[in-house]
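Per-entry structural report
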Amino acid sequence: MRAEESWRYFVCLGVGLLLFVLLGPGWSSGFESPFPDSSSYVAVADIGPFSIDFWFAERPPTYPLLVWLVGPSARAIVLAQTLIWVAASTYLAVTLWQQLSNQIVRLVTIVAVGAVLIETRWMFWHTLVLTESLTNSLVLAWLAAWIRWFAAPSGRRLAGAVVLTAAWMLLRDSNAVTLTASLIPLVVAGFVWERRRPGERARGLVTASVILVLVGVFSGIGQWHTSRGEVTFHNNVGLRWLPDESMREWMIDHGMPFDEALAERTGGDAWADGEAFLRDPRLEEYRDWASGPGRVAAGWSFVARSPWYIDRFVDELPIHTDSGFAAYDAHRVGEQFPDTVLGPLDPTGSRWSMALWGLATIGAIAAAFAVRRWLGVLITFLVVPIAVDLYLVYVADAIEVGRHLAGPMFRMSIVCIVAAGLTADALLARRTDGNEHHDSDPQDSHERDPDDDPGDDHRDDRHDTAESGARPITDSPGGAVTT
């Protein structure tokens, strides 16, 4: 048996053991979910995708579509989403193995990503009929898809990356809002850049961004049609704005009708006291404001009062990094998997590690632009939406903040590690190329494509690729990946 085949058997055995440890203890219980949100996904799935109401229901369509395909059995849903996670993890690991040319960087990056994946705070979501498991899986899948497309642009790869990203956007409203907010300036910048320096990547990125912004618009129409954001608005009013004098006065200045009935809602969420925010007849004027001008005021507050929100986010962040979201571990997965493997090096293990990794990733972006322009664009494309997501997810709802932050925090952990690996690999390849060019006769040096940056020419990477099996990201035609 060849070594490569031995590794495949070893990996399959490891995956099987992992699934047994994860799903075995809760299998007999059927993975019934104690969380009310689970039944809402099943209710939307019951409508069926052949009805227009399915696409504009109380939940975005991606997860109800999975439930419709494999449910309504909770055991079947859990098994399906866990297998999707295995497939997505494998896809990302294979992608990194192919794209990273330095063997040490390749090994460290893949092991670090794997260490994050098996942490309890990410593993137990696979046993729940909630969106977090599929959210994290699609992040892994579209991350790998975009890396592959940037490495070797093609229409097929672009379509795959766009489809995976769109499916992720339509999984949670917050996904669509944050990515759309990040992509709109990217579309504008891309149009300008494409006109100055036309190229396949620029055209593809602009096309993809336009399509994904349209997906965001579709999601926004669904949110407006079903008033999916109504409850979260009331939660912010009762739990954040009314208790704080400065924020309360700011909202009153922006039209909030403040009276004794609304004052009674201080400290309460949308469901408190018999859903008073939604049903109390004395709050009719408030509800009219909340459904119209109040939404505009709330959106503007996220910009104009951002220091107020950020201060509270920073203060609350240790609660969520330290808790591991254990309150949601309904099937006691925490007994089977480690809390952390990377310890203080975990990108979202603490408030300080998030800050340090954030700064390191900014440095990686700068270094990537200096070495390979399109690698810098790729990392920027992956990283910027995370910062937007962390902020908007926090400010959008005062209830279940930890659960809502789980997705962005997982994405930050994976993307920061991958960005560091890609940048380190590019820097080492640049150094190797520099040494080879220095030792060679200038007469033998080839002519550089005028559209490439000085650091983008890595035709000599083909020698390393042939030896290691890796396919490094490069802008030069000779280094394009064809698989």
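This structure is a prediction, so every number in the text was calculated from the model and none was measured.

Taken together, the side chains of Trp-27, Leu-79 and Leu-83 present a nonpolar region at the surface, about 250 Å² in accessible area. As for its placement among the helices and strands, Leu-83 is situated in helix α5 (residues 74-99).

Turning our attention to helix α18 (residues 306-323). Spanning 18 residues, α18 covers 25 Å between terminal C-alpha atoms, matching the ideal 26 Å at 1.5 Å per step. The largest bend along α18 measures about 35° and falls at Glu-316, with the proline Pro-318 one to four residues further on. Among the residues of α18, those classed as buried are Ser-306, Trp-308, Tyr-309, Phe-313, Leu-317, His-320 and Thr-321. Downstream of α18 by a residue or two, Gly-324 has a phi angle that is positive, lying close to 65°.

Across all of its chains, the model carries 25 aromatic pairs by this definition. A ring pair is formed by Phe-150 and Trp-374, whose centres lie 6.2 Å apart and whose planes are at 45°; its orientation type is tilted. Taken together, the residues span a long stretch of sequence, with Phe-150 in helix α8 (residues 132-151) and Trp-374 in helix α20 (residues 373-396) at a distance of 224 residues. Across the pair, Trp-374 and Phe-150 agree in class, each one buried. These aromatic residues form a ring-pair network of at least three members: Phe-35, Trp-122, Phe-124, Trp-125, Phe-325, Tyr-328 and Phe-410. Against the face of Trp-97 rests Arg-106, its NZ or CZ located 4.5 Å from the ring centre. Over the ring of Tyr-394 we find Arg-240; its NZ or CZ atom is 4.3 Å from the centre of that ring.

Oppositely charged side chains can form a pair if their charged atoms are brought close together. This structure, assessed with the given rule, holds 14 salt bridges. As a salt-bridge pair, Arg-403 and Asp-37 come within 2.6 Å of each other at their nearest N and O atoms. One end of the pair, Arg-403, is in helix α21 (residues 401-439); the other, Asp-37, is in helix α2 (residues 36-47), with 366 residues separating them in the sequence. With a shortest N-O distance of 3.1 Å, Glu-132 and Arg-172 are connected by a salt bridge. One end of the pair, Glu-132, is in helix α8; the other, Arg-172, is in the loop between α9 (155-169) and α10 (173-196), with 40 residues separating them in the sequence.

Attention shifts here to the nonpolar core. Ranked by size, the top nonpolar core spans 122 residues in total, and within it Tyr-63, Trp-125, Trp-146, Val-237, Trp-241, Tyr-286 and Ile-414 carry the most contacts. The element contributing the most residues to this core is α20, with 15 residues. The residues contacting Trp-146, other than those within four sequence positions of it, are Leu-158, Ala-161, Val-162, Thr-165, Leu-205, Ala-208, Leu-212, Leu-378 and Phe-381.

Procedures and definitions
- Residues numbered from 1 in each chain as written.
- Predicted model: local features only at pLDDT ≥ 70, side-chain atom pairs only at ≥ 80, totals over all residues.
- Heavy atoms only, no water.
- Patch = residues over 30% accessible without salt bridge, like charges linked within 9 Å, V, L, I, M, F, W, Y side chains within 5 Å.
- Areas by Shrake-Rupley, 256 points an atom, 1.4 Å probe, with all protein chains shown as cover.
- Salt bridge = Lys/Arg side-chain N within 4 Å of Asp/Glu carboxyl O.
- Helix = DSSP H or I, 4+ residues; strand = E, 2+ residues; numbered from the N terminus.
- Expected span 1.5 Å × (residues − 1).
- Bend = angle between axes of the 7 residues up to and from the residue.
- Buried < 20%, exposed > 50% of the residue type's maximum accessible area, 1.4 Å probe, protein only.
- Phe/Tyr/Trp six-rings, centres within 6.5 Å; stacked < 30°, edge-to-face > 60°.
- Lys NZ or Arg CZ within 6 Å of the ring centre and 35° of its normal.
- Core = buried A, V, L, I, M, F, W, Y, C linked by side-chain atoms within 4.5 Å.
- Contact = heavy atoms within 4.5 Å.

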